[in-house]
Amino acid sequence: MLELTVQAEPRELARVRARVGEALRARGRTEDHRWRVSLVASELLTLSMLQGNETGAVLRVVELADGTRVELVDGLAGDAAFDNDSGHLVTRLASIWGVVREPSGTRTVWCDVGRGP
């Protein structure tokens, strides 16, 4: 649905929210759903930056039958910790989340946001 290469810089957060919101609007998603998914996307990037990402990442937004999956792929070695404000927002807005470590050295931090409230 949407894949963006983003820099690990605070100025990217507004662009992420805008692009995700536009993509979801084009798919007919509700304003509430667009807001929640856009916020989760920017908070996953924030989480990556707080954990030491200084280069960039790939953000993916994927349509699911019952919601939207957001994935952030970065090159950090550690598991994502959801124990700060950004992580808490993600875990409150998402129905499920996790981290996948790839043999290539990348990690994918992902979460699903349901269509309902």
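Only a predicted model underlies this, so the values are computations on that prediction, with no experimental measurement involved. (Residues numbered from 1 in each chain as written. Predicted model: local features only at pLDDT ≥ 70, side-chain atom pairs only at ≥ 80, totals over all residues. Heavy atoms only, no water.)

Peer 1: Explain the overall build of the chain to me, using residue names and the numbers behind them.
Peer 2: In terms of helices and strands, the chain carries three helices and five strands. Listed by position from the N terminus, the elements making up the chain come as β-α-α-β-β-α-β-β. A compact globule built from 117 residues should have a C-alpha radius of gyration of about 13 Å, and the chain, at 13 Å, falls within 12% of that. In the chain, which comprises 117 residues, the share counted as buried stands at 47%. Nonlocal contacts in the chain, meaning residues at least 24 apart in sequence, comprise 65% of its contacts between residues at least 6 apart. Working note: accessible area of the chain is about 6,000 Å², and carbon and sulfur atoms make up 51% of it. Charged side chains in the chain number 15 positive and 17 negative. The centres of these two groups are separated by 5 Å. (Helix = DSSP H or I, 4+ residues; strand = E, 2+ residues; numbered from the N terminus. Rg over C-alpha atoms; globule rule 2.2 N^0.38 Å. Buried < 20%, exposed > 50% of the residue type's maximum accessible area, 1.4 Å probe, protein only. Contact = heavy atoms within 4.5 Å. Areas by Shrake-Rupley, 256 points an atom, 1.4 Å probe, with all protein chains shown as cover. Lys, Arg positive; Asp, Glu negative; His and termini not counted. Charge placed at Lys NZ, Arg CZ, Asp CG, Glu CD.)

Peer 1: A description of the packing of helix H2 (residues 31-50) against helix H3 (residues 85-93) should follow, citing residues and the corresponding values.
Peer 2: Put simply, H2 and H3 touch, their axes get as near as 8 Å, and they point 145° apart. Here the hand of the crossing between H2 and H3 comes out left-handed. Between H2 and H3, the contacting residues are Trp-35, Arg-36, Leu-39, Val-40, Glu-43, Leu-44, Thr-46, Leu-47 and Leu-50 on the first element and Ser-86, Gly-87, Leu-89, Val-90 and Leu-93 on the second. Across the contact of H2 with H3, the residue classes tally to nine nonpolar, three polar and two charged. (Axes fitted to C-alpha atoms, helices over the stretch in contact; angles between N-to-C directions. Left-handed = near helix turned anticlockwise from the far one by under 90°. Nonpolar A, V, L, I, M, F, W, Y, C, P; charged D, E, K, R; others polar.)

Peer 1: Go over the packing of aromatic side chains, please, and point to the residues and values.
Peer 2: By the definition in use, this model includes zero aromatic pairs. Cation over ring: Arg-69 sits above Trp-110, and NZ or CZ is 4.4 Å from the ring centre. (Phe/Tyr/Trp six-rings, centres within 6.5 Å; stacked < 30°, edge-to-face > 60°. Lys NZ or Arg CZ within 6 Å of the ring centre and 35° of its normal.)

Peer 1: Please provide a residue-by-residue account of the nonpolar core, values included.
Peer 2: Formed by 29 residues in total, the largest nonpolar core has its most connected members in Val-20, Leu-44, Leu-59 and Val-70. Listed by contribution, the elements that provide at least two residues to this core are strand E1 (2-7), helix H1 (12-26), H2, strand E2 (56-64), strand E3 (67-74), H3 and strand E5 (107-114). Ranked by residues supplied to this core, first place goes to H2 with eight residues. Every residue in contact with Val-20, bar those within four places of it in the chain, is listed here: Leu-2, Val-37, Ser-38, Ala-41, Leu-59 and Val-61. (Core = buried A, V, L, I, M, F, W, Y, C linked by side-chain atoms within 4.5 Å.)

Peer 1: Explain H3 to me, and be specific about the residues and the numbers.
Peer 2: For H3, the full list of buried residues reads Ser-86, Gly-87, Val-90 and Leu-93. Across the axial projection of H3, the buried residues extend over an arc of 140°, all falling on one side. With respect to the buried face of H3, the exposed residues turned more than 90 degrees away are Asp-85 and Arg-92. Buried-residue contacts for H3 involve H2 and E5. Structurally, the start of H3 carries an N-cap: the backbone nitrogen of Ser-86 is 3.1 Å from a side-chain oxygen of Asn-84. (Arc of directions from axis to C-beta. Polar contact = N/O pair within 3.5 Å; in protein donor to acceptor, adjacent residues only side chain to side chain.)

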